[in-house]
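# Secondary and tertiary structure notes
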Amino acid sequence: MGVFSNGGVGIDLGSANVTICLENEGVVLREPSYVLTMRDDVDEILAVGRDARQMLGRTPKDVALLSPIMDGAVSNVELATALLRTLSEKALGKRRALEKNRLVVTVSQGCTRVELEALESAVRAAGAKKTALLRTPIAAALGAGVPIDDARGCMMVIIGGSTTEVSVLSMNGVAAARSTRTGSLAIDEAIMRYIRREKGLIIGQRTAEDLKIDLGSCRDPLYIDNDNASLRGRDARTGKPSTVDVTAHDVHKAIMPTLDSLLESIREAFENTPAEMAEDILQRGVFLSGGGAQLDGLTERLSDMLNLPVTLGESPQDDAARGACIAASDARIAQRFAQSGCLIEL
């Protein structure tokens, strides 16, 4: 059968979350990409994933909360390995979980050679029987059921935590691609800055993310319900605890400059698409994926900007992990992507 035939495990190793998909079971785990360690000894790991993220903004002086995945790339091989191993054991419910499995991990299209080598080291050290890396646009398209095996081009836009990837896919390969290092985490930071500047309140990243999910929208302000939320934080002037009210219109004002910049990069990528491919995209539209794609009104705004139909799946945050799992479970599919250079066997 070849390298990938049974026991497939697909992992989307993102800057915001690690998503794990198992053959015949689907997505079984999605947890934040955080590792909690001792500040003076990063090898002493206290918690990973959701347990670690609970300490965001609450860590004592001798403890550090680290993210080993930055801008879609591995910044610390040892911590990334620990993250992969621990969450894999949690997902599969056993120690040394990957030693009998075939593992495929996603890799950003804009990854440099050095970043690729760091990811390769972390994935090898995770302890899987057989391992490979699969380009994220291919994995997302495969997981979303987007047809990419014929000569007609299709555009895939993936909005992740720290990266946004725009790719034109054809014949099981990437015909053109553009990757920018901005994503949904930049929108969280924009909310934090706005609340401090306009409301005089200092809030954390968790609160900003909750605001984005609950009240965030990029629709025309006329069509946004002016819901509100009470925020607790620290007064920027006095340093004392304070509470302010924030409306959906406030969140809209906070996120739009960052979002407009992100959408402009997508538009520029489309304008630089080869003419023959652009004709195909005009017929098939754009396929949207990634956790950041779930922002209210984003599909419609992108469609209006490009004057193209934009398709968003039911669970875009899981597309890449599902696609990686399919490649890990089916030898013929894996072989096709290996031939196109999109799957790298380790």
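Residues numbered from 1 in each chain as written. Predicted model: local features only at pLDDT ≥ 70, side-chain atom pairs only at ≥ 80, totals over all residues. Heavy atoms only, no water.

## Re the sheet that holds strand S13 (residues 173-180)
As a reminder, the rule being used: Two strands pair if DSSP finds at least two bridges between them. Elements are defined by DSSP. Helices are runs of H or I of four residues or more, strands are runs of E of two residues or more, and each kind is numbered from the N terminus. Lines are fitted to the C-alpha atoms to define the axes, a helix being fitted only along its stretch in contact, and any angle between axes, read from their N-to-C directions, falls within 0 to 180 degrees.
Strand order in the open sheet formed by five strands is S13-S12-S11-S17-S18, and the pairing between neighbours is mixed. The sheet terminates laterally at S13 and strand S18 (310-312), the two strands that pair on one side only. Here the average twist between neighbouring strands, direction ignored, is 20 degrees. Alignment of strand S17 (residues 286-289) against S18, held across three bridges, turns out to be parallel.

## Thoughts on the packing of helix H2 (residues 77-92) against helix H3 (residues 113-125)
Inclusion rule: Angles are sorted into four bins: roughly parallel if under 35 degrees, roughly antiparallel if over 145, roughly perpendicular if 65 to 115, and oblique for all others. Helix crossings get a hand from a simple test, with the near helix turned counterclockwise from the far one by less than a right angle marking a left-handed crossing and a clockwise turn marking a right-handed one. In what follows, a contact means two residues having at least one pair of non-hydrogen atoms within 4.5 Å. Residues are sorted three ways: Asp, Glu, Lys and Arg are charged, Ala, Val, Leu, Ile, Met, Phe, Trp, Tyr, Cys and Pro are nonpolar, and all the rest, Gly among them, are polar.
Running from N to C, H2 and H3 cross one another at 40 degrees; their axes reach a closest spacing of 8 Å. It follows from the interaxial angle that H2 and H3 lie oblique. Note that H2 runs across H3; the crossing there is right-handed. Taking contact as the criterion, the partners of Val77, Ala80, Thr81, Leu84 and Arg85 in H2 are, on H3, Ala118, Ser121, Ala122, Val123 and Ala125. Taken together, the residues that form the contact of H2 with H3 break down as seven nonpolar, two polar and one charged.

## Points about the confidence of the model for the chain
Condition: Here pLDDT means the predictor's own confidence in every residue, given as a number from 0 to 100.
Residues with a pLDDT of 70 or more make up 98% of the chain, whose mean pLDDT is 90. Considering only residues more than four positions removed or in separate chains, one finds that residues 1-6, a stretch of pLDDT under 50, has 24 contacts.

## Some thoughts on the pattern of salt bridges
Our working definition: Put simply, a salt bridge is a Lys or Arg side-chain nitrogen that is within 4 Å of an Asp or Glu carboxyl oxygen. In this scheme, a residue with accessible area under 20% of its type's maximum is buried, one over 50% is exposed, and one in between is partly exposed, where area comes from a 1.4 Å probe on protein chains only.
For the structure on display, the rule yields 22 salt bridges. Residue Lys199 pairs with Asp250 through a salt bridge whose shortest N-O separation is 3.3 Å. In this pair, Lys199 is assigned in helix H5 (residues 184-199) and Asp250 in helix H7 (residues 248-271), connecting sequence segments 51 residues apart. Given a relative accessible area of 10%, Asp250 falls into the buried group. We note a salt bridge from Asp330 to Arg332, for which the minimum N-O separation is 3.9 Å. Overall, the relative accessible area of 66% leaves Arg332 in the exposed class. Beyond isolated ion pairs, a larger network of salt bridges with shared partners links Glu31, Arg50 and Lys90.

## Topic: the pairing of strand S12 (residues 164-170)
Of all seven residues making up S12, seven are buried, and the element is well covered by its neighbours. With burial as the criterion, each face of S12 is covered, one bearing Thr164, Val166, Val168 and Ser170 and the other bearing Glu165, Ser167 and Leu169. One ladder, built from six bridges, connects strand S11 (residues 154-159) with S12; its direction is antiparallel. By the bridge assignment, Ile159 is partnered in S12 with Thr164. Between the end of S11 and the start of S12, which pair antiparallel, lie four residues. The antiparallel pairing of S12 with S13 creates a hairpin that spans two residues between the two strands, and Met171 there sits at a positive phi of about 50 degrees.

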